[in-house]
Amino acid sequence: MHAEVVVIGTELLLGQIIDTNSALIARNLASIGLDLFYKTTVGDNLGRLSEVLSSALARSDVVITTGGIGPTADDVTREAVALATRCGLVFSPLLMEQISSFFRSRGMTPSASNQRQAFIPAGALPIENPVGTAPGFIVEVGEKCVITLPGVPREMEYLLANQVLPYLRSRYHLKGQVVIRV
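Residues numbered from 1 in each chain as written. Predicted model: local features only at pLDDT ≥ 70, side-chain atom pairs only at ≥ 80, totals over all residues. Heavy atoms only, no water.

1. With respect to the sheet that holds strand E8 (residues 144–149)
Ordered by their spatial adjacency, six strands build an open sheet running E2-E1-E3-E8-E7-E6, and the pairing between neighbours is mixed. The two strands at the open ends of the sheet, each matched to only one other strand, are strand E2 (35–42) and strand E6 (125–127). On average, each strand axis in the sheet is inclined to that of its neighbour by 15°, with strand direction left out of account. The pairing of strand E1 (residues 2–8) with strand E3 (residues 62–66) spans five bridges and is classified as parallel. Within E3, the position partnered with valine 5 by the bridge is isoleucine 64. Contacts from helix H3 (residues 46–59) reach E1, E2, E3 and E8 within the one sheet, and its direction differs from that of E1 by about 170°. (Pairing = 2+ DSSP bridges. Helix = DSSP H or I, 4+ residues; strand = E, 2+ residues; numbered from the N terminus. Axes fitted to C-alpha atoms, helices over the stretch in contact; angles between N-to-C directions. Contact = heavy atoms within 4.5 Å.)

Following this line, the structure appears as structure tokens:
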């Protein structure tokens, strides 16, 4: 069993921001015994991203994405995952309530664009995000899965530790760890 990390964002691809998320994900996957075979960085382009995700699903059991699930028009990860997994997008009232609650707790109102963040591929398992506005989701494709996480490092790290690693341990009965000798 092996995994792949897909890091999404033109700012990462062009070196404007340093990718720290994939290193953190890699260390955490090793800690639960899941081999990481590939890391890919792709810009905010729906066609290229869905192509990368389709390739990742063809060669890896677990695909973890980070980035591209914010409220702006260039955040196309949810659409790309839907294309790659052949699922339509559906609105999740549960996630919209979580997003609205996050804003309310700070005395703010979500913008109309935040509603985009409550759309996930049909049949996906929602991952509520109590530390931010970008909920994640998991699409199970047979024995494989695509796990979509936010790109904001603090949010990604929280969801990885509290939702994703327990999910992976349980779903794939992971008990070991990858040990590296230097």
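Additional details are given in the paragraphs that follow.
2. Here's the deal with the nonpolar core
Among the nonpolar cores identified, the biggest contains 25 residues, and Leu34, Val62, Ile64, Cys145, Ile147, Leu149 and Leu168 are the most heavily contacted of them. Residue assignment for this core shows that the elements contributing at least two residues are E1, helix H2 (21–31), E3, E8 and helix H6 (153–172). Here the element with the most residues in this core is H6; it accounts for eight residues. (Core = buried A, V, L, I, M, F, W, Y, C linked by side-chain atoms within 4.5 Å. Buried < 20%, exposed > 50% of the residue type's maximum accessible area, 1.4 Å probe, protein only.)

3. With respect to the pattern of salt bridges
Following the criterion strictly, the structure yields four salt bridges and no others. In this structure, arginine 116 and glutamate 79 form a salt bridge, with 2.9 Å as the shortest nitrogen-oxygen distance. Here the residue arginine 116 occupies a position in the loop between helix H5 (93–104) and strand E5 (119–121), and glutamate 79 occupies one in helix H4 (residues 77–85), the gap between them amounting to 37 residues. Note on arginine 116: relative accessible area 23%, which makes it partly exposed. (Salt bridge = Lys/Arg side-chain N within 4 Å of Asp/Glu carboxyl O.)

4. Some words on the state of the cysteines
Counted according to the given criterion, the structure contains zero disulfides. In this model cysteine 87 remains outside any disulfide bridge; the closest cysteine sulfur is found in cysteine 145, 13 Å from its own. A relative accessible area of 0% places cysteine 145 in the buried class. (Disulfide = S-S within 2.5 Å.)

Note that all results are geometric; they support no functional claim without further evidence.
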